[in-house]
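Here are the chains, one letter per residue:
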Amino acid sequence: MENGNTYEFDLVTIGAGSGGTRASRFSAQHYGAKVAVVELPFGLVADDETGGAGGTCVIRGCVPKKLFVYGSQYSEEFRDAQGFGWQDESEHKFDWQTLVNKKTREITRLNQVYNKLLKDAGCERVEGKAKLIDRHTVEVALAGGGTRRLTTKHILLAQGGTPIRADVPGKEHAITSNEALSLPDLPKGPIAIVGAGYISLEFAGIWNGMGKEVHLIFRKSLPLVGFDEECRAQVAENMRGRGVHIYSETTPIKLDKKEDGTIDFYYQGKDGETKCLNCGLVLFGTGRKPLVHNMGLEEVGVKLDKHQAIKIDEFSRTSVDNIWSVGDVTMRMPLTPVAIMEGMAFAATCFGNRPTAPVHEKIASAVFVRPPLASCGLSEQQAQARLTGDIDIFVSKFKPMKNTLSGRDEKTLMKIIVKVDTDEVIGVHMVGEDAPEIMQGIAIAMKCNATKAQFDATVGIHPTAAEELVTMRQRARRIQGTGTGRGHEHGRMAG
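Residues numbered from 1 in each chain as written. Predicted model: local features only at pLDDT ≥ 70, side-chain atom pairs only at ≥ 80, totals over all residues. Heavy atoms only, no water.

Asker: Where do I start with the overall build of the protein in this structure?
Answerer: Looking only at helices and strands, one finds 12 helices and 21 strands in the protein. A compact globule built from 495 residues would reach a C-alpha radius of gyration of about 23 Å, and the protein, at 24 Å, matches this within 12%. Expressed along its principal axes, the backbone C-alpha trace of the protein runs to roughly 75 × 65 × 45 Å. Taking all contacts inside the protein whose residues are at least 6 apart in sequence as the whole, residues at least 24 apart take part in 64%. If you sum the accessible surface of the protein, you get close to 22,400 Å²; carbon and sulfur atoms cover 50% of it. (Helix = DSSP H or I, 4+ residues; strand = E, 2+ residues; numbered from the N terminus. Rg over C-alpha atoms; globule rule 2.2 N^0.38 Å. Contact = heavy atoms within 4.5 Å. Areas by Shrake-Rupley, 256 points an atom, 1.4 Å probe, with all protein chains shown as cover.)

Right under this line is the structure:
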């Protein structure tokens, strides 16, 4: 009861993705809240009527993508094996449908796991589409028909985001990441991918590894804006070396669907000329937007920012004091583990009487290109722009041991960024095999404010690529910070 009102629930969460599920479970299990979770019916391809417990990451994002990355790696392993004495005695054939079917079974299983997690935590699952009627009432258009009104003390908005297409004529002929992981067949012709972020580069690597001709088109000079420039250049070099056609400083113009089902993709290159590429498939990886419309948010006073993301304070509270929000719908740092962290912080704040602000600094992230990029802390460019004083840059670029026999002409890049006056390691970056696994360990050290002296005092494991991170002694250069920060307050910007 609050102000004489009795509510059916302590919390109604809209969205059963990673952030919403964690927040709901912790609120119920750890703090005794009565929780309902509203989510759309399960489906592999999301739309206005389809979603599913687990959200984008589990159903049509990180998890199935990583399974496809694994699948795409075998072609390079088969080639590299010959350098180690394995003879290519049989023809290795790839069957897309086998991978898609096995992926679908695994994703269906994980969706059931998420539903069970909510049930075992004591959360009520309400399947349908949610809309806010007032600050304490959520109306659900039930999947089976009819409506149900849920009254609640608190509301948590965790409905995530959705991919967007570049606004060009014929954009309806392109697919997004929603459909890319569930294609019935791979196209016979080349694949054009528009965009320079995680999604575009990862799918370029996946389809390239599966033997497709891939063309990657983006507006900037390098892919992966927000990451360290030296690493961005290394990723582009590696992708070109593996056969991906890269068109930088290039703008999409229009798409024309032909009678034979192929697509004429028109683009303007850096020379200013308009050219055409005939494709079997076009993927737009041109960003995502928060799911905020037709939900009654603004009508009840929930404010949006200039990017149409939900505005929140440091504790994830919206402009309405009993309505909260976590995850991609806030666009703070759209990464699954970040949404999970925000969900736990919300539960502690709202129901645990422990005001907890999620900390968005020194968060490691990875791009699962081939070979992958991983990063924690500031890039060289961010460090220089945000901090004051001297900053040392340590760089190592080398041929990994495996490539000495495989014959693959590809380098590993490692980089450490140090604030000189404190000796604090403020950024670590790597492009190379196992970079994400290595960076997770580095992130722990950085969270503890590790210094370069502590890195140097650590004994490496030999022979590994990772030992290079504790043996870099000679700085590549020293730069001068042009900002005002002194360290600790920094965090890596989302890419």
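Asker: How should the nonpolar core be read in this particular structure?
Answerer: Membership of the largest hydrophobic core comes to 43 residues, with the highest contact counts inside it found for I193 and W207. The set of elements that each furnish at least two residues to this core consists of helix 3 (62–81), helix 4 (96–120), strand 7 (191–194), helix 6 (198–209), strand 8 (214–217), helix 7 (229–241) and strand 13 (281–284). Sort the elements by how many residues they give to this core and helix 6 lands first, with six residues. With residues near it in sequence (within four places) discarded, W207 still touches W96, A180, L183, L186, I191, I193, K212, V214, L281 and L283. A16, V58, I59 and V326 belong to the second-largest nonpolar core, a separate cluster that totals 24 residues. (Core = buried A, V, L, I, M, F, W, Y, C linked by side-chain atoms within 4.5 Å. Buried < 20%, exposed > 50% of the residue type's maximum accessible area, 1.4 Å probe, protein only.)

Asker: What is the right way to read the pattern of salt bridges from this model?
Answerer: Opposite charge on two side chains allows them to pair when their charged atoms are near. Within this structure, the stated rule accounts for 33 salt bridges. Close ionic contact of K415 with E230 constitutes a salt bridge, the shortest N to O distance being 2.7 Å. Separated by 185 residues along the polypeptide, K415 in strand 19 (residues 412–419) and E230 in helix 7 bring together distant segments of the chain. Taking the relative accessible area as the measure of exposure, K415 reaches 0% and is therefore buried. Take E230: its relative accessible area is 28%, and that puts it in the partly exposed class. Taken together, the shared-partner salt bridges connect E76, R242, R370, E410 and E433 into one network. (Salt bridge = Lys/Arg side-chain N within 4 Å of Asp/Glu carboxyl O.)

Asker: Whenever I open this one, the state of the cysteines confuses me. Can you help?
Answerer: As used in these notes, a disulfide is a covalent bond between sulfur atoms, one from each of two cysteines. All told, the structure shown has zero disulfides when counted by the stated rule. The thiol of C123 is not disulfide-bonded; the next cysteine sulfur, from C350, is found 13 Å away. Since its relative accessible area comes to 8%, C123 is described here as buried. Of all cysteine sulfurs in the structure, the one in C279 sits closest to C276, which takes part in no disulfide; the separation is 7.8 Å. (Disulfide = S-S within 2.5 Å.)

Asker: What exactly am I supposed to notice about the layout of surface pockets here?
Answerer: Looking at the second largest pocket, its volume works out to about 500 Å³. Lining the second largest pocket are 22 residues, with Y74, S75, F78, H92 and K93 sitting closest to its centre. Contributing elements (two or more residues each) for the lining of the second largest pocket: helix 3 and helix 4. Take the lining of the second largest pocket: its biggest share by element is seven residues, from helix 3. Tallied by class, the residues present in the lining of the second largest pocket amount to seven nonpolar, nine polar and six charged. (1 Å grid on protein atoms, 1.4 Å probe; cavity = no way out; pocket = protein on both sides within 12 Å on 5 of 7 lines; lining within 4 Å. Points joined across faces, edges and corners; volume = space filled by probe spheres on them. Nonpolar A, V, L, I, M, F, W, Y, C, P; charged D, E, K, R; others polar.)

Asker: Just to check I follow, could you spell out the pairing of strand 17 (residues 373–377) for this structure?
Answerer: Consecutive residues of a regular strand have side chains that alternate between opposite faces of the sheet. The buried fraction of strand 17 is high, at five of five residues. Sheet topology note: the strand 16 (residues 365–367)/strand 17 ladder contains three bridges and is antiparallel. Counterpart to V367 in the pairing with strand 17 is L373. Between strand 16 and strand 17, which pair antiparallel in sequence order, lie five residues. Relative to strand 20 (residues 424–431), strand 17 runs antiparallel, the two being bridged by five bridges. Paired with A374 across the two strands is M430, which belongs to strand 20. (Pairing = 2+ DSSP bridges.)

Asker: Looking at this structure, how should I read the environment of K103?
Answerer: When you line up the elements, K103 lands in helix 4. Looking at K103, the relative accessible area reads 2%, which means it is buried. Sequence spacing of K103 and F68 is 35 residues, and the spatial spacing of their C-alpha atoms is 8.3 Å. If we ignore the near neighbours within four places in the chain, the residues touching K103 are L44, P64, L67, F68, L181 and S182.

Asker: Just to check I follow, could you spell out the packing of aromatic side chains for this structure?
Answerer: In this description, an aromatic ring pair is defined by two values, namely the gap between the centres and the angle between the planes. Enumeration according to the criterion identifies eight aromatic pairs in this entry. Between the aromatic rings of F68 and W96, the centroid separation amounts to 5.2 Å while the plane-to-plane angle is 75 degrees, which identifies the pairing as edge-to-face. With F68 in helix 3 and W96 in helix 4, this pair connects stretches of sequence that are 28 residues apart. With respect to class, F68 is no different from W96; both count as buried. When the centroid spacing of 6.4 Å and the interplanar angle of 40 degrees are considered together, the rings of Y74 and F78 count as tilted. With a gap of four residues between them, Y74 and F78 both fall in helix 3, about one helical turn apart. Ring-pair connections join several aromatic residues into one group, and the members of that group are Y247, F265 and Y267. If you follow K34 out to its NZ or CZ, it ends over the ring of F9, 5.3 Å from the centre. The ring of Y266 carries the charged tip of K254 above its face, separated from the ring centre by 5.0 Å. (Phe/Tyr/Trp six-rings, centres within 6.5 Å; stacked < 30°, edge-to-face > 60°. Lys NZ or Arg CZ within 6 Å of the ring centre and 35° of its normal.)

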